[in-house]
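Single-letter residue listing:
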Amino acid sequence: MGKPLISARNIKKYFHVGEGQLKAVDGISFDIYEGETLGLVGESGCGKSTAGRTIMRLYEPTEGELIFNGKNIYELPRKEMEEVRKNFQMIFQDPYACLNPRMTVEDIIGEPLDIHKTYKTKEERRERIIELLELVGLGEEHAMRFPHEFSGGQRQRIGIARALALNPKFIICDEPISALDVSIQAQVVNLLKELQNQLGLTYLFIAHDLSMVRYISDRVGVMYLGHIMELGESEELYQNPIHPYTRALLSAIPIPNPEIQRGRHRIMLEGDVPSPINPKEGCRFVDRCAYATDKCRQITPKLEEIKEKRFVACHRAKEFI
Amino acid sequence: MENILEIKDLKISFKTFFGEVEAVRGINFDVGKKETVAIVGESGCGKSVTANSIMQLLPMPPAFFKGGEILFNGENLLNKTEKEMQKIRGNKISMVFQDPMTSLNPTMRIGDQIVEGLKKHRKLTAKEAEKKAIEMLELVSVPQPEKRVKQYPHEFSGGMRQRVMIALAMVCTPELLIADEPTTALDVTVQAQILDLMKKLQDKLDMSIILITHDLGVVADMSDRIVVMYAGQIVESGLTDDIFKNPHHPYTKRLLASVPSLDMSKDEPLHAIDGTPPDLYIPPKGCAFYDRCDRALKICKDYMPESTQHSDTHCSSCWLNHPMAQKVNGTERREA
């Protein structure tokens, strides 16, 4: 593995709501290495999308640092930030909502080029747009059409072309496939993988489809209520989950094979995810955990490396290896 | 096995500004007592239209029946008047919808919503109704049911709302439950809870279930039989094990291959199905999967494939499986 492309250090994002503070992301730290894909999984409301947006600085962080090229981008003034942002792009979840219905595909993909003025002549702009369209498996004939003329999978391709327009190094994919049909999901995931090999991209892949995340990611982080519970190499983590939450989460994935599925033992979690508003001190998972002790209620466990390349936030992690 | 529901050559279309959309194009299947039948397919393949047509919840117009029969306990539901349907809906056949956030009435207490159906179908005093509502919430494992019956939907989480939806559907102990993507909007841990609950209730109440979903994992978990739909038609149907182990239709094969399994290598690409399903404004003359099929023959373009029986329970509609078809190996597209 190379050197880290970005390093997140203790990033926090709180929102002020009527009842107090909603701690959507509550101190997460990790590195993402060049050319790798880091998957981020968790249930809805666990803060994975907020984490992605805070990393992009679409939300101003409450606390924390994000080191990119040796600089903390959260401290950069607006002008410099704009420069840095060329390297950071995002692919959104809903291919129906993230494209302006009144713009042609050419203008949608050309918008980042216009903003950063990366071309000298009109022809140059058009050439680049066609190049991008071809890169994502569309063609010149699609350039003058409007978003409503495309299917979900094709729209997601347009979103990807737009994200690639400025030759970014790092792309955050926020649930890029969850709005698509199974057969189309595979098309988009294959495309993302091809582009990664071709252009040397680094991905942060946010999703709740756990088997897809395992397939696309080199490493996976599991989030629960704003905390990272476990982080490790994906193969290892799926085969041998350590944190009680990861175990329950993985055992809940239905496997498309009736023989295996019928013989499986599921770890049922009782109850629901608690509210992230004014959370108590202690492990976030404590109320639903079968192994909770008094210590878990009082002290929030830190994310620690308990074996090679495996980080777990649990006081009793050593017992579970 | 006795069949509780039989669908025979059902055809449903929608009239639109641009013409007629043939959403369901002649499907046949049946559901036995205490059986779970899963309908699988991509969005737009007609699975929800089929489900809604059984309950006759389709807006008519624009929807209209072009032909066929829906036999429930031997009676054709399509001949029933609205009054007669109201006696069946919620009483004999119930439905659980996809989105628990929007299918409950936000201005009504949970308890009242649960017993609303029961009050329609049976005479109840207010006391009895409340007792019944509490009992139902207990049945679907909602904690503190006495307190919860008086609350409103916004006070419930997504998983809890889906439990309420199930309680609501179960209250009259229906013979058939239609679950239209019951867990799609939920997280996996909650999904596991809900599926578990549905199985338990099925055993307890002896219901049949029609499960509509696109999640093949859920299907493997829940169903006894599978019906695979594509572009308004059934392309393959059979026992769950047969479909997963020995799929015969190219679409079923490709659909199963397009989901990553937990033990596959990350280096091999996913087997995506190129292209998109056909437009049902102008349904294709031949096999609907022709454009996307890598094993298409010349005949597939012009002639609708006949159904081939592989065993008593397993059949598929593909020219390759036709008994007269030459046995050839290879996966290339052959168009002479």
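Residues numbered from 1 in each chain as written. Chains lettered and ligands numbered in written order. Predicted model: local features only at pLDDT ≥ 70, side-chain atom pairs only at ≥ 80, totals over all residues.

A. Examining the overall build of chain B more closely. Tallying secondary structure elements over chain B gives 11 helices and 12 strands in all. Compactness check: chain B gives a C-alpha radius of gyration of 21 Å against a globular reference of 20 Å for 336 residues, within 12% of the reference. A total of 336 residues make up chain B; the buried ones form 48% of that total. (Helix = DSSP H or I, 4+ residues; strand = E, 2+ residues; numbered from the N terminus. Rg over C-alpha atoms; globule rule 2.2 N^0.38 Å. Buried ≥ 20, exposed ≤ 12 C-beta atoms within 10 Å, placed from the backbone.)

B. Just helix α7 (residues 188-205) of chain B, in detail. Residues and elements named next belong to chain B. In this model α7 runs 25 Å from its N-terminal to its C-terminal C-alpha over 18 residues, within 8% of the 26 Å that 1.5 Å per residue would give. For α7, every residue scored as buried is listed here: Val188, Thr189, Val190, Gln191, Ala192, Gln193, Ile194, Leu195, Met198 and Leu201. Trailing α7 by a residue or two, aspartate 206 shows a phi angle of about 55°, which is positive. (Expected span 1.5 Å × (residues − 1).)

C. Spotlight on the interface of chain A and chain B. Counting from both sides, the interface comprises 33 residues of chain A and, opposite them, 37 residues of chain B. Those elements giving two or more residues to the side of chain A that touches chain B turn out to be α6 (182-199), α7 (210-216), α9 (244-251) and α10 (258-263) of chain A. It is α6 of chain A that provides the largest number of residues to the side of chain A that touches chain B, a total of 7 residues. When the residues that make up the side of chain A that touches chain B are grouped by side-chain class, the tally is 17 nonpolar, 10 polar and 6 charged. (Contact = placed C-beta atoms within 7 Å. Nonpolar A, V, L, I, M, F, W, Y, C, P; charged D, E, K, R; others polar.)

D. Fine view of the confidence of the model for chain B. All names here are of chain B. Chain-level pLDDT for chain B is 83 on average; 96% of the residues reach the 70-or-more range. Confidence, read as mean pLDDT per element, is least for helix α11 (residues 298-302) in chain B (81) and greatest for strand β3 (residues 36-40) (92). The low-confidence segment residues 330-336 (pLDDT under 50) makes 9 contacts with residues lying over four places distant or belonging to another chain. At the level of chain-chain contacts, confidence expressed as ipTM amounts to 0.75, with global pTM at 0.82. (pLDDT = per-residue confidence, 0-100.)

E. A look at the sheet that holds strand β5 (residues 75-76) of chain B. Residues and elements named next belong to chain B. In space, the 4 strands of this open sheet follow the order β2-β1-β4-β5, with antiparallel pairing throughout. Edge positions in the open sheet fall to β2 (19-32) and β5, since each of these has one partner strand only. Bridging between strand β1 (residues 3-16) and strand β4 (residues 63-72) involves 8 bridges; their strand directions are antiparallel. Pairing of leucine 5 across the sheet is with phenylalanine 72, part of β4. Packed on one face of the sheet, helix α1 (residues 47-55) meets β1, β2 and β4 and runs near 70° to β2. (Pairing = 2+ DSSP bridges. Axes fitted to C-alpha atoms, helices over the stretch in contact; angles between N-to-C directions.)

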